Amino acid sequence: MRSLISYFIKYPVPGNLLMVVILIFGYFGLKNIKSTFFPQSESRIIQVQTVYPGASPEEIEEGIITKIEDNLKSVTGIVEITSVSTENAGTITVEGQRGYDVDYLLQDVKNAVDQISSFPVGMEPPVVFKQEARNFVISFALTGDVDLKTLKEKGRIVEDEIRALDGVSKVSISGFPTEEIEIAVNPASMESYDLTFDQVSLAIARYNLEITGGTIKGPAEELLIRARAKEYRGSELLDIIVKATPDGKIVRLGDVAEVTDRWSDSPQRNYFNGHPSVTVTVQNTNEEDFLSINDKVKAYISDFNSRNDVVQAEIIRDASKTLLERIALLRDNGLLGFLLVVIILALVLNVRLAFWVALSIPIAFAGMFILGSSFGLTINVLSLFGMILVVGILVDDGIVIGENIYQHYERGESAIQAA
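Residues numbered from 1 in each chain as written. Predicted model: local features only at pLDDT ≥ 70, side-chain atom pairs only at ≥ 80, totals over all residues. Heavy atoms only, no water.

How should the overall build of the protein chain be read in this particular structure?
Within the protein chain one finds 14 helices and 15 strands. The globule rule puts the C-alpha radius of gyration for 419 residues at 22 Å, and the 33 Å found for the protein chain is more than 25% above it. With respect to the principal axes defined by its C-alpha atoms, the protein chain has extents near 125 × 60 × 55 Å. Here the protein chain, with 419 residues, has 33% of them falling under the buried criterion. Long-range pairs, those at least 24 residues apart, make up 72% of the contacts in the protein chain with a sequence separation of at least 6. Split by element, the accessible area of the protein chain, about 25300 Å² in all, is 56% carbon and sulfur. (Helix = DSSP H or I, 4+ residues; strand = E, 2+ residues; numbered from the N terminus. Rg over C-alpha atoms; globule rule 2.2 N^0.38 Å. Buried < 20%, exposed > 50% of the residue type's maximum accessible area, 1.4 Å probe, protein only. Contact = heavy atoms within 4.5 Å. Areas by Shrake-Rupley, 256 points an atom, 1.4 Å probe, with all protein chains shown as cover.)

Pasting the structure below:
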């Protein structure tokens, strides 16, 4: 190391050239470093989702959740198991041990679930998957003097438009209950048409479906047979034929029942400034850039508000504020440290010495950016905190080294010997 330092002291041109190269490549290295809110980490969460139509939370817990949890107790690599049982569905969340291969754990959990043969009849096959690692980016509310149905439709459009932006893939909307079609059968009408409730229910189930009926192969072409009769609006179900008599009389669903579109009985509602709202949440994955997504969504919000008068987008929470504040703090500390070193050392020691000591701050950071882009470093709140601390260390070390060199120079040594 001493010989290397001596070489650059005696021959300053290669040293100056090396500094220029470090600054240039450090700049491009910084451009290649992704930004995230927290340091990147692989997800250790595995979820098991089960659906049992018509079951109560107690039935879900006793007939499904408990059996799965008992089988998972013998699986290696699990830290914690939590579950939630609701009407018609249940969810089990499995947290894996840090450092344990989550793909192996996923396969073990799938095998443990598949071994259970005593699930209730009518339960849909359980779904086991690894939860993707995501970070919150920004959320905003769509609000205005309109009904919730209009807000939901507008929210779906916004969701698709944001997801179409380059580099944005994780968008979700919330703030409204699920939509339902309520079919209220009139007992008097059923009796007059000699119908039972089961007949009406069976007719709806037989009509409102979408299935494949196979293929017809010909000498020149192949035809796919499909029945597309599934409807998603109450008004589209009114013409379902419930009964047909031998004399040609047809009884439709609208003759014996009132069909309406409604929201489910759920308290899930969002309000913004006293008005109903729909919340749009944007997240990023480990492969996506945090600040880039944030800028694109903000630009979209500005464009959306300029195109719409009644419904407006209002930012609720912006995670980039904290990150940008840390970046500004690092920038201000770096500039302040640079100026303080130059001014103080110029007054006490020597102007040229002060400049070269201060130049060590950007050179050191440029070198860090070169290595950081190669080793997966990201710009996040924790790495920025470390950089802010390092600014002080660099300033202190630069002053100590510069003062030591100048002290030797004052004793009569040449500049090269002092250095």
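What should I look at first to understand the nonpolar core in this one?
As a rule of thumb, soluble globular proteins bury nonpolar side chains together. Phe140 and Ile162 are the most contacted members of the largest nonpolar core, which has 49 residues in total. Considering every element that reaches this core, the biggest residue donor is helix 13 (residues 381-410), with eight residues. In this structure Ile162 touches Phe140, Val168, Val171, Val280, Val282, Val297 and Tyr300, once residues within four positions along its chain are discounted. Listed in part, the 23 residues of the second largest apolar core include Val48, Ile60, Ile92 and Val109. (Core = buried A, V, L, I, M, F, W, Y, C linked by side-chain atoms within 4.5 Å.)

Hey, could you run me through the side chain of Ser189 in this one?
For Ser189, the position within the fold is in helix 6 (residues 187-192). Apart from the residues lying within four places of it in its own chain, the contact partners of Ser189 are Asp255 and Val256.

Just to check I follow, could you spell out the pairing of strand 5 (residues 135-143) for this structure?
Both faces of the sheet carry side chains from a regular strand, because those side chains alternate between them. Counting buried positions along strand 5 gives nine out of nine residues, so the element sits mostly inside the fold. In this structure, strand 5 lies alongside strand 14 (residues 275-284), joined through eight bridges in antiparallel fashion. Across the sheet, residue Ile138 finds its bridge partner in strand 14, namely Val282. (Pairing = 2+ DSSP bridges.)

Got a minute to help me understand helix 2 (residues 12-32) in this structure?
Note: α-helices contain 3.6 residues per turn, so residues at a spacing of three or four share the same orientation. With 21 residues, helix 2 ought to run about 30 Å at 1.5 Å a step, and its terminal C-alpha atoms sit 30 Å apart, in line with that. Every buried residue of helix 2 is accounted for by Gly15, Gly26 and Gly29. Summarising the axial view, the buried residues of helix 2 lie within an arc of 65°, below the 170-degree limit, and thus occupy one face. Residues of helix 2 that are exposed and angled more than 90 degrees away from the buried face: Val13, Leu17, Phe25 and Lys31. Buried positions along helix 2 lie against helix 1 (2-10) and helix 12 (360-374). (Expected span 1.5 Å × (residues − 1). Arc of directions from axis to C-beta.)

So what exactly am I meant to see when it comes to the packing of aromatic side chains here?
Here a ring pair, both rings aromatic, is described through the centre-centre distance and the interplanar angle of the planes. Following the criterion strictly, the structure yields eight aromatic pairs and no others. Between Tyr7 and Tyr11 the ring centres are 5.1 Å apart and the planes differ by 45°, which places this aromatic pair in the tilted class. The class for Tyr7 is partly exposed, based on a relative accessible area of 41%. Classification of Tyr11 as partly exposed rests on a relative accessible area of 47%. (Phe/Tyr/Trp six-rings, centres within 6.5 Å; stacked < 30°, edge-to-face > 60°.)

What exactly am I supposed to notice about the pattern of salt bridges here?
Opposite charge on two side chains lets them pair, provided their charged atoms get close. Throughout the structure, instances matching the rule amount to 11 salt bridges. Between Asp332 and Arg331 there is a salt bridge, with its nearest N and O atoms 3.8 Å apart. Overall, Asp332 belongs to the partly exposed group, its relative accessible area being 42%. Among the charged side chains, a salt-bridge network with shared partners connects Glu132, Arg134 and Lys170. (Salt bridge = Lys/Arg side-chain N within 4 Å of Asp/Glu carboxyl O.)

How should I be thinking about the sheet that holds strand 3 (residues 89-96) in this particular structure?
Hydrogen bonds between backbone atoms are what pair the strands of a sheet, whose relative direction is either parallel or antiparallel. With antiparallel pairing, four strands are arranged side by side in an open sheet as 2-3-1-4. What marks the edges here is a single partner per strand, and that holds for strand 2 (78-86) and strand 4 (127-130). Neighbouring strand axes in the sheet, compared pairwise and without regard to direction, differ in orientation by 15° on average. Helix 3 (residues 57-72) rests against strand 1 (45-51), strand 2 and strand 3 of the sheet, and its axis sits at about 165° to strand 2. (Axes fitted to C-alpha atoms, helices over the stretch in contact; angles between N-to-C directions.)

It is not clear to me how the environment of Asn404 should be interpreted in this structure. Could you clarify?
Counting through the fold element by element, Asn404 comes out in helix 13. Residues Asn404 and Val75 lie 329 residues apart in sequence; the distance between their C-alpha atoms is 62 Å.

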